[in-house]
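Structural features, examined
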Amino acid sequence: MQLKKQKSPYTALFPVPAVLVTAASGDGKDNIVTLAWVGTVNSEPPMLSISVRQSRHTHRLLEETGEFVVNLPGTDIVREVDMCGMVSGKDEDKFSLCGFKRQPASRVRAPLIDRCPVNIECVVRNRLSLGSHDMYIGEILAVHVDEAILEGGRIDLNKMKPLAYAPGEYWSLGEKLSTMGFSVKK
Ligand SMILES: Cc1cc2nc3c(=O)[nH]c(=O)nc-3n(C[C@H](O)[C@H](O)[C@H](O)COP(=O)(O)O)c2cc1C
C-alpha cells in the first residue's frame, strides 16, 4: 500500500478558479476583487457562491447593494488578477490600475470587465457567516460571453485559456481528456 501523509485540516480542495468579482457601492463607486473561494452551488435556478472576508472593501459593497458580477479571466491577465488581490479598493481604483474598461451590465449596477471573456451577473439570495468568510449565494441573472472564445455556440477553452489557482500559485489548464459520458457510451 502506498503511504500517505496525513495533514492537519486546511482548505485542501484544489484547483479552483481565480475570478475577478466586481461590485458597486450605493453611491455608484465600484470595485474589483480577486476571489478563489467560489463555486457553482445550484442548477435551477443557476446559482454560485463567493466567500469574502468581512475586512474586504468589497464586503461593504456587497452588503450595500446585494449584487455582483463574476468576471472570468484568461491567463493573459494573470498579473492583473494578482494585483486586484493585493491592493484594496479603499485606496485605489483598480480599473485604472489594471487598464480595464467598464462595460455596463444588463441586470445589476456592478460593471463587467472588458478584458474578461465571460461575465456572470448575480443578485445575492443568501448570506452565510461561516467564520473567517461570509459566503454570498448569488442567483445568476445574465451571462455574457465574448464571441471570440465561442466555437459552434460553445465556449472553447483552448481559446478562453481559463486561469486556475492552487495553493499560492496560478495555473493554466492542460489538454482536454474526453467528454462527459464517454465511459458508458456504446
Ligand atoms: C488568488 C487570490 C485569491 C483570493 N481569494 C479570496 C477569497 O476567496 N476571499 C477573500 O475574501 N479574499 C480573497 N483574496 C484576497 C483579496 O483579493 C484581497 O484582500 C483584496 O485586496 C481585497 O480587495 P478589496 O479590499 O478592494 O475588496 C484573494 C487574493 C488572491 C491574490
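Refer to the structure printed above.
What you see is a predicted model; the values in this text were computed from it and never measured.

On to the site of the ligand. Taken together, 22 residues sit near the ligand, with Asn31, Thr34, Thr58, Ser88 and Gly89 positioned nearest. Between the ligand and alanine 36 there is a distance of 3.0 Å, counted from a nitrogen atom to a backbone nitrogen or oxygen. The contact in question runs from an oxygen atom of the ligand to an N or O atom on the backbone of arginine 53, over 2.9 Å. Here the ligand has 650 Å² of accessible area as a free molecule, and 89% of this is covered by the chains. At the level of secondary structure, the elements contributing two or more residues to the shell around the ligand comprise β3 (30–35), β5 (47–53) and α1 (57–65). Sort the elements by how many residues they give to the shell around the ligand and β3 lands first, with 4 residues.

Listed as buried for α1 are His57, Thr58, His59, Leu61, Leu62 and Thr65. Considering only its buried residues, α1 is in contact with β2 (19–24), β3, β5, β6 (67–72) and β10 (133–145). One or two positions beyond α1, positive phi appears at glycine 66, with a value near 65 degrees.

Let's shift gears to the packing of aromatic side chains. Considering all chains together, one arrives at 4 aromatic pairs under this definition. Consider the rings of tryptophan 37 and tyrosine 165, whose centres lie 6.5 Å apart with planes at 70 degrees: the pair is edge-to-face. Here tryptophan 37, found in the loop between β3 and β4 (38–42), pairs with tyrosine 165, found in strand β13 (residues 163–166); they are 128 residues apart in sequence, far enough to count as distant. Here the aromatic residues Phe14, Trp37, Tyr165 and Tyr170 are joined through ring pairs into a cluster of three or more. Positioned above the aromatic ring of phenylalanine 95 is the side chain of arginine 102, whose terminal nitrogen or guanidinium carbon lies 4.1 Å from the ring centre.

Residues Ile155, Leu157 and Leu173 make up a contiguous nonpolar surface patch of roughly 260 Å² in combined accessible area. Along the chain, the position of leucine 157 falls in helix α4 (residues 157–160).

Here we take up the sheet that holds strand β9 (residues 118–129). Read across the open sheet, the 7 strands follow the order β3-β2-β6-β9-β10-β5-β4; overall the sheet is antiparallel. Taken across any chain shown, the strands that pair with only one partner, and hence form the sheet edges, are β3 and β4. Averaged over all adjacent pairs, the angle separating strand axes in this sheet is 35 degrees, with direction ignored. With 4 bridges joining them, β4 and β5 adopt antiparallel strand pairing. The partner of threonine 40 across the bridge, within β5, is leucine 48.

Scoring rules and cut-offs
Residues numbered from 1 in each chain as written. Predicted model: local features only at pLDDT ≥ 70, side-chain atom pairs only at ≥ 80, totals over all residues. Heavy atoms only, no water. Near = heavy atom within 4 Å. Polar contact = N/O pair within 3.5 Å; in protein donor to acceptor, adjacent residues only side chain to side chain. Areas by Shrake-Rupley, 256 points an atom, 1.4 Å probe, with all protein chains shown as cover. Helix = DSSP H or I, 4+ residues; strand = E, 2+ residues; numbered from the N terminus. Buried < 20%, exposed > 50% of the residue type's maximum accessible area, 1.4 Å probe, protein only. Contact = heavy atoms within 4.5 Å. Phe/Tyr/Trp six-rings, centres within 6.5 Å; stacked < 30°, edge-to-face > 60°. Lys NZ or Arg CZ within 6 Å of the ring centre and 35° of its normal. Patch = residues over 30% accessible without salt bridge, like charges linked within 9 Å, V, L, I, M, F, W, Y side chains within 5 Å. Salt bridge = Lys/Arg side-chain N within 4 Å of Asp/Glu carboxyl O. Pairing = 2+ DSSP bridges. Axes fitted to C-alpha atoms, helices over the stretch in contact; angles between N-to-C directions.

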